[in-house]
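So you can see what is in the structure, the chains are spelled out below.
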Amino acid sequence: MYEDLRKARPVVDFAVELSSEQVDFFWNNGYVAVERITTDDELEWLGAIYDRLFDDKTGGIPGGYFDLSRPYESAGTDLLPQVLHPAEVVPELLDTACVRNGRRLAAQLFNAAESELEVWGHMIQKPARIGAELPWHQDEAYWHPGYVYRAMGLWMPLDPATSESGCLSFLPGSHRGEVRPHKHIADDPAVHGLVTESFDASGAVEVPLSPGAATLHHCRTLHRSAPNRSAHIRRAIANEFQLPAVKNRTPDSRPWLADQVRAWAKREPIAASKGQT
Ligand code: NI
């Protein structure tokens, strides 16, 4: 049922690179903004796929659509719905200017070959007026504690991401720290979203973005997004770029992941390299 959209993919020739100042900014702060990561044509096509996936409440894996902010299978209106691994439904999502550019920039930042990077994606939505906060977290806190990750996320809004609609905020320099203790939102293990507390967030920087702009952030950078108080939906696509995860000789204790670790144990190594956030 996605054949029509798969066939409608625009051919987009659009390449970006980071300046040496942007590379330095990333490694000093744990994130960097890019003015434009793809074209309007591609944004329109991505938006059509995005809308259908959320209308269908379909993820790319079983259970891959859920509200990050409420217990799984909650009734009523979703406040922070997420689609995991949409490229399992529309494989062309990994062959876009957005992903090609993200891969190029991640390789530039890691000083690695593009072919070394694995990519997987997800989509997050903040509905108009009711879209929930995504509280402070590090992406690596969602991932397998038995591995050390070298990864970064490319986050691109399809709609204006402003202070009012729930743009991302980052805590500069936080990527240099360890993975902090996290807990599930509302301290309820049935809620997917994680939160970390008890740190000084006074230096946080909000990064408003226009559609088609993007940020790259390190998997340990503390970040959050505010509720959507605007009259407009705030759609965003995130792609993770990961160098091969390395087994950790002394696995971190991440008790908040206890259930997931038991599930991962049955299906390594795929889950080890492809985190879920
Ligand atoms: Ni995140």
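Preceding block: the structure.
Description of the structure in this document.

The rules behind each value
Residues numbered from 1 in each chain as written. Predicted model: local features only at pLDDT ≥ 70, side-chain atom pairs only at ≥ 80, totals over all residues. Heavy atoms only, no water. Donors = N, O, S within 2.8 Å, 3.2 Å for Na, K, Ca; no water. Buried < 20%, exposed > 50% of the residue type's maximum accessible area, 1.4 Å probe, protein only. Pairing = 2+ DSSP bridges. Helix = DSSP H or I, 4+ residues; strand = E, 2+ residues; numbered from the N terminus. Axes fitted to C-alpha atoms, helices over the stretch in contact; angles between N-to-C directions. Contact = heavy atoms within 4.5 Å.

What follows concerns the coordination of the nickel ion. Protein coordination at the nickel ion comes from His137 (NE2), Asp139 (OD) and His223 (NE2), with a distance range of 2.1 Å. As a motif over one chain, the donors of the nickel ion read H-x1-D-x83-H. In this structure Asp139 comes out as buried when scored by relative accessible area, which is 4%.

On the basis of which strands lie adjacent, the open sheet formed by four strands has the order S5-S13-S8-S11 and antiparallel pairing. Because the sheet does not close on itself, it has two edges, and the strands there are strand S5 (134-137) and strand S11 (205-207). Here the strands of the sheet are splayed against their neighbours by 20° on average, with no regard to which way each runs. Sheet analysis places strand S8 (residues 168-170) next to S11, joined by three bridges and oriented antiparallel. By the bridge assignment for S11, Ser169 is matched with Glu206.

A separate point is the sheet that holds strand S12 (residues 214-218). In spatial order, the strands read S1-S12-S7-S14-S4-S3-S2; together these seven strands make up an open sheet with antiparallel pairing. Each edge of the sheet is formed by a strand with only one pairing partner; in this case those strands are strand S1 (31-34) and strand S2 (65-67). On average, each strand axis in the sheet is tilted by 20° relative to the strand beside it, whichever way the strands run. Pairing of strand S4 (residues 118-126) with strand S14 (residues 234-242), which is carried by nine bridges, proceeds in the antiparallel orientation. What sits directly across from His122, in S14, is Ala238. Against the sheet, helix H2 (residues 20-29) engages S1, strand S7 (151-157) and S12, with an angle of about 145° to S1.

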